[in-house]
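Commentary on secondary and tertiary structure
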Amino acid sequence: MTSTTPRIAIIGGGPGGLICARVLQRHGIPVTVFDRDAYAEDRPQGGTLDMQEDTGQAALRAAGLEEEFAAVARPEGQEMRLLDHTGTLLFQRRPAPGEQRNPEIDRGELRRLLLDSLAPGTVRWGRYLRTLHPLGDGSHKAEFDGGAAETFDLVIGADGAWSRVRPLLSEHAPHYSGVTFVETGFGDADTRHPAVAQLVGDGSMMAAHDNKALIAQRNSRGRIRVYAAFRGSQDWALEHGVNLTDPEAVRAALLKRFTGWDDRLLALLRDADGGFVNRPLYALPVPHSWTHTPGLTLLGDAAHLMTPFSGMGANLAMLDGCELAQSLLRHAELDEAVRAYETAMLPRAARAAEGAARGLDNAIAPDAPQGSLRHLHSR
Ligand SMILES: Cc1cc2nc3c(=O)[nH]c(=O)nc-3n(C[C@H](O)[C@H](O)[C@H](O)COP(=O)(O)OP(=O)(O)OC[C@H]3O[C@@H](n4cnc5c(N)ncnc54)[C@H](O)[C@@H]3O)c2cc1C
């Protein structure tokens, strides 16, 4: 990079933004991350992520964090089970001893690991990006809620699905995928809900039928996270008079929707001790692209939001972040670096997003679980 140190801002301290900052900082490039959260543990970080060998894990290696990852990763979480709605097990895959293709890590643990790798003060918490003003020379003035403003030579939008950076590059916004997840779960499942723990196993389990699925995943410390997935309107609760803030009303509505399913599967909803969180799934159009613009770029969900059926969102965000940082280290000019990164990233993201769309169509389908079964047998 040029002898004058560029002013680099990363908007968003998710997996993509944080690993980008880590790789830059590790090689002596100053960077500031801005996140809307008031502090690191402000919001629950959600479920478990599988870190794939050639994407998420490759990024962690480039960041020098493979040992830290190995210390908290759960290789046993690679187990996968597929059932039909009668509870019949159709497919089961257990990891071989020592297999490290895609061990699981809780999102919260991943965030902590990445934050601990950064110099103190790198992340400025409580900074919600409101607007960006182009200053005409490739730099941008970033304005944050509360009135703070700063100018940067490069602004990296790592601010997730509802990015405030993306509208400066692209006219596209995420659209509803047609599928909603309602999330719930169990704490201390092995002791308090042994039958559920046994059903789910050490990794992930999906039971699917008639445009619906129940998905359950082990998290660390005995927690099991459950997603009731179904095709339908994103206003399903409003249309059925279900108050989303009333857990018992949501539970009853879900049990009705899954009527006829085996009782062991229904226990995932009936006995869940977490609340219920409505999560309509959104995606950006495929392919999503933009005209290269000096001083700005996107990574991760901000660039290529896809449904979780790719299983790759966080993995790609981390690979993007790592490769963008490496490109900035390799090229003399900021703009050349960003162009090279976008040239490699955009087609890769488009391929993954096509896979995610296919995965969703296979998994939540009228003939489910046949599509998922074919997919699992083809791997
Ligand atoms: C139910 C579910 C299951 C999933 N499972 C998997 C899986 O198994 N494997 C996988 O790889 N992926 C999975 N994903 C996808 C994965 O969670 C995302 O792709 C990944 O988190 C994207 O990372 P990111 O860094 O791009 O954005 P995010 O993780 O969304 O981080 C964005 C950050 O930006 C901050 N922010 C947002 N707006 C602003 C603003 N205006 N100003 C400042 N800060 C801002 C936010 O606070 C946040 O910290 C799943 C997603 C869902 C919904």
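Residues numbered from 1 in each chain as written. Predicted model: local features only at pLDDT ≥ 70, side-chain atom pairs only at ≥ 80, totals over all residues. Heavy atoms only, no water.

Naming follows an unreviewed UniProt entry, where the protein appears as Flavin-dependent monooxygenase of Streptomyces chattanoogensis. Checking UniProt for the protein, the heading Sequence similarities (unreviewed entry) contains the comment "Belongs to the aromatic-ring hydroxylase family. TetX subfamily." (UniProt positions renumbered as here; feature names shortened; annotations may be inferred.)

Let's talk about the site of the ligand
Near the ligand, the surroundings consist of 34 residues, among which Asp-35, Arg-107, Leu-129, Asp-301 and Ala-314 are the closest. Pro-15 places a polar main-chain atom, nitrogen or oxygen, 3.4 Å from an oxygen atom of the ligand. Residue Arg-36 places a side-chain N or O atom 3.1 Å away from an oxygen atom belonging to the ligand. Relative to its unbound accessible surface of 1000 Å², the ligand loses 87% to contact with the protein. Of all the secondary structure elements, the ones that give two or more residues to the shell around the ligand are α1 (15-26), β3 (48-50), α4 (107-116) and α11 (313-330). Of the residues forming the shell around the ligand, the biggest block, 4 residues, is contributed by α11. (Near = heavy atom within 4 Å. Polar contact = N/O pair within 3.5 Å; in protein donor to acceptor, adjacent residues only side chain to side chain. Areas by Shrake-Rupley, 256 points an atom, 1.4 Å probe, with all protein chains shown as cover. Helix = DSSP H or I, 4+ residues; strand = E, 2+ residues; numbered from the N terminus.)

Regarding the UniProt feature "binding site: FAD" (unreviewed entry) in the protein
Sites flagged by UniProt as "binding site: FAD" (unreviewed entry) map to Asp-50, Arg-107 and Asp-301. Looking at where Asp-50 falls in the secondary structure, it is placed in strand β3. Ignoring any residue separated from it by four or fewer positions in sequence, one finds Asp-50 in contact with Asn-102, Pro-103, Glu-104, Gly-311 and Asn-315. A polar contact is formed between the side chain of Asp-50 and the side chain of Asn-102, at a distance of 3.5 Å. (Contact = heavy atoms within 4.5 Å.)

Details of the side chain of Arg-348
Take Arg-348: it is sitting in helix α12 (residues 334-363). Only 2.9 Å separates the side chain of Arg-348 from the side chain of Asp-320, close enough to count as a polar contact. Apart from residues no more than four positions distant in its own chain, Arg-348 is found in contact with Leu-316, Leu-319, Asp-320 and Glu-323.

Details of the domain arrangement of the protein
Assigned domains within the protein: domain 1 (8-73 + 104-173 + 284-363) and domain 2 (176-283). Between the C-alpha centres of domain 1 and domain 2 the distance comes to 29 Å. Listed as interface residues are 16 residues of domain 1 and, on the opposing side, 17 residues of domain 2. Of the roughly 1200 Å² buried between domain 1 and domain 2 on both sides combined, carbon and sulfur atoms contribute 60%. Our count for the contact surface shared by domain 1 and domain 2 stands at 2 salt bridges. The element that contributes the greatest number of residues to the side of domain 1 that touches domain 2 is α12, accounting for 3 residues. Residue composition of the side of domain 1 that touches domain 2, by class: 9 nonpolar, 4 polar and 3 charged. (Domains from an automatic or database assignment. Buried area = accessible area lost by both parts, 1.4 Å probe. Salt bridge = Lys/Arg side-chain N within 4 Å of Asp/Glu carboxyl O. Nonpolar A, V, L, I, M, F, W, Y, C, P; charged D, E, K, R; others polar.)

Re the sheet that holds strand β10 (residues 149-152)
Strand pairing within a sheet occurs via backbone hydrogen bonds; the two strands may be parallel or antiparallel. Ordered by their spatial adjacency, 3 strands build an open sheet running β8-β9-β10, and the pairing between neighbours is antiparallel. The open sheet has two edge strands with one neighbour each: β8 (129-134) and β10. With strand direction ignored, the average angle separating the axes of adjacent strands in the sheet is 25°. Relative to β10, strand β9 (residues 140-144) runs antiparallel, the two sharing 4 bridges. (Pairing = 2+ DSSP bridges. Axes fitted to C-alpha atoms, helices over the stretch in contact; angles between N-to-C directions.)

A short note on the packing of aromatic side chains
In the structure shown here, the tally under the stated rule is 8 aromatic pairs. Measuring from centroid to centroid gives 4.9 Å for Phe-258 and Trp-261, while their planes differ by 80°, and the two rings are edge-to-face. For Trp-261, a relative accessible area of 4% corresponds to the buried category. One aromatic cluster in this structure is built from Phe-34, Phe-144 and Phe-152. Lying across the ring of Phe-144, Arg-127 places its NZ or CZ 5.5 Å from the centre. One cation-aromatic arrangement involves Arg-257 over Phe-230; the distance from NZ or CZ to the ring centre is 4.0 Å. (Phe/Tyr/Trp six-rings, centres within 6.5 Å; stacked < 30°, edge-to-face > 60°. Buried < 20%, exposed > 50% of the residue type's maximum accessible area, 1.4 Å probe, protein only. Lys NZ or Arg CZ within 6 Å of the ring centre and 35° of its normal.)

Details of the environment of Leu-316
Within the secondary structure, Leu-316 sits in helix α11. Taking the C-alpha atoms as reference points, Leu-316 and Asp-54, 262 residues apart in sequence, are found 10.0 Å from one another. With near-sequence residues (within four places) excluded, Leu-316 lies in contact with His-304, Met-306, Arg-348 and Ala-352.

Re the pairing of β8
Looking down a regular strand, the side chains alternate between one sheet face and the other. Pairing between β8 and β9: 5 bridges, direction antiparallel. Of the residues in β9, the one forming a bridge with Leu-129 is Phe-144. Adjacent in sequence and paired antiparallel, β8 and β9 are bridged by 5 residues, among which Gly-136 carries a positive phi angle near 95°.

Notes on the nonpolar core
Of all hydrophobic cores here, the largest spans 60 residues; its most connected members are Met-51 and Leu-60. Among residues more than four places away in sequence, those in contact with Met-51 are Gly-56, Gln-57, Leu-60, Phe-69, Arg-101, Asn-102, Pro-103, Ile-105, Leu-110, Ala-314, Asn-315 and Met-318. Judged by nonpolar contacts, the second largest core, of 31 residues, contains Val-182, Met-205, Ala-253 and Ala-267. (Core = buried A, V, L, I, M, F, W, Y, C linked by side-chain atoms within 4.5 Å.)

Comments concerning the side chain of Gln-78
Within the fold, Gln-78 resides in the loop between α3 (66-72) and β4 (80-83). Using a relative accessible area of 7% as the deciding quantity, one classes Gln-78 as buried. Within the local environment of Gln-78, its side chain forms a polar contact with the backbone oxygen of Pro-75, the two atoms lying 2.8 Å apart. A distance of 3.1 Å separates the side chain of Gln-78 from the backbone nitrogen of Arg-101, its partner in a polar contact. When residues no more than four places from it in sequence are discounted, the contact partners of Gln-78 are Arg-93, Pro-95, Glu-99, Gln-100, Arg-101, Asn-102 and Pro-103.

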